[in-house]
Amino acid sequence: MTQPASSTTRKQSARIEPNALHLVGFHGSRDDLTVVGPLPEETDIPFGGALTFTARITNISQQPVTLSIDYVIHHMKANGKTAPKVFKLAKRALNPGQSTELTREHSFRPISTRVYYPGAHQVQLQVNGHQFDAVDFRLLQP
């Protein structure tokens, strides 16, 4: 049985192609933007603490853009590899030359649905399905 497009799961929407986002109203390519960040306040995060980061996105095109902005945490797994998890950050409409500043605090407190492992992790921005540079941080031993 096929589900309607409106019931797309979070996991499916995290993997959506940039061209598909255009079909649902998000406009703006990688070349239309200048992305600074994410810039973490600290790069050593205590277990149970939080990663706080900021970012600035500027529309450098001559056309308005409508953006779906996510962030991706590359979590350290038990086997020493990392696995990406996409989180929604914001939706923004920017006119030519306009910028938006974003701040997010991502908690690493223990929860029942995820196990956190100490070590190297990464955070990166994903705008309209396009991923930008990742930044390293460390989750410290409990």
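(A) Region of interest: the overall build of the protein. Assigned secondary structure in the protein consists of 2 helices and 8 strands. Ordering the α and β elements of the protein from the N terminus gives α-α-β-β-β-β-β-β-β-β. Scored against the burial criterion, the 142 residues of the protein give a buried share of 35%. Partitioning the intrachain contacts of the protein with sequence separation of at least 6 by distance along the chain shows that 65% fall at a separation of at least 24. With the model as given, the accessible surface of the protein reaches about 8,600 Å², and the carbon-plus-sulfur share is 50%.

(B) A look at the nonpolar core. Within the largest apolar cluster, 25 residues are counted, with the highest numbers of intra-cluster contacts made by L51, I57, L67, Y71, I73 and F108. Elements that contribute at least two residues to this core include exactly β1 (33-40), β3 (50-59), β4 (65-76), β5 (82-94), β7 (119-127) and β8 (130-139). It is β4 that provides the largest number of residues to this core, a total of 5 residues. Excluding residues that lie within four positions of it along the chain, Y71 makes contacts with F53, K85, V86, F87, K88, L89, R104, H106, V123, Q124 and L125.

(C) Examining the packing of aromatic side chains more closely. Counting across every chain of the model gives 4 aromatic pairs. Aromatic pair Y71 and F87: ring centres 5.2 Å apart, planes at 20°, arrangement stacked. One end of the pair, Y71, is in strand β4; the other, F87, is in strand β5, and 16 residues separate them in sequence. An identical accessibility class is assigned to Y71 and F87; each is buried. Here a set of aromatic residues connected by ring pairs shows up, and it is made of F53, Y71 and F87. Taking NZ or CZ as reference, R30 lies 4.4 Å from the ring centre of F132, over its face. One residue, K85, lies across the ring of F87, its end atom 5.4 Å from the ring centre.

(D) Spotlight on the environment of H27. If you trace the backbone, H27 turns up in the loop between α2 (18-23) and β1. On the basis of relative accessible area, H27 is assigned to the partly exposed category, the value being 32%. Sequence separation between H27 and V65 is 38 residues, and the spatial gap between their C-alpha atoms is 5.1 Å.

(E) Main features of the pairing of β5. When β4 meets β5, the two strands line up antiparallel, connected through 12 bridges. Across the sheet, residue H75 finds its bridge partner in β5, namely A83. Hairpin remark: β4 followed by β5, antiparallel, with 5 residues in the connecting loop; positive phi at G80, about 90°.

(F) View of the pairing of β7. With 6 bridges joining them, β4 and β7 adopt antiparallel strand pairing. Considered in β7, the bridge of D70 is made with Q126. Pairing of β7 with β8, which is carried by 8 bridges, proceeds in the antiparallel orientation. Residue pairing in the sheet places V123 in a bridge with V135 of β8. Count of turn residues in the β7/β8 antiparallel hairpin: 2 residues, of which N128 carries a positive phi of about 50°.

(G) View of the sheet that holds strand β6 (residues 99-107). Ordered in space as β1-β3-β6, the 3 strands form an open sheet in which the pairing is antiparallel. With partners counted over all chains shown, the strands left at the sheet margins are β1 and β6, one partner each. Taking the axes of each pair of neighbouring strands and ignoring which way they run, one obtains an average angle of 15° across the sheet. Alignment of β1 against β3, held across 6 bridges, turns out to be antiparallel. Directly across from V36, in β3, lies its bridge partner R56.

So, how was this worked out
- Residues numbered from 1 in each chain as written.
- Predicted model: local features only at pLDDT ≥ 70, side-chain atom pairs only at ≥ 80, totals over all residues.
- Heavy atoms only, no water.
- Helix = DSSP H or I, 4+ residues; strand = E, 2+ residues; numbered from the N terminus.
- Buried < 20%, exposed > 50% of the residue type's maximum accessible area, 1.4 Å probe, protein only.
- Contact = heavy atoms within 4.5 Å.
- Areas by Shrake-Rupley, 256 points an atom, 1.4 Å probe, with all protein chains shown as cover.
- Core = buried A, V, L, I, M, F, W, Y, C linked by side-chain atoms within 4.5 Å.
- Phe/Tyr/Trp six-rings, centres within 6.5 Å; stacked < 30°, edge-to-face > 60°.
- Lys NZ or Arg CZ within 6 Å of the ring centre and 35° of its normal.
- Pairing = 2+ DSSP bridges.
- Axes fitted to C-alpha atoms, helices over the stretch in contact; angles between N-to-C directions.

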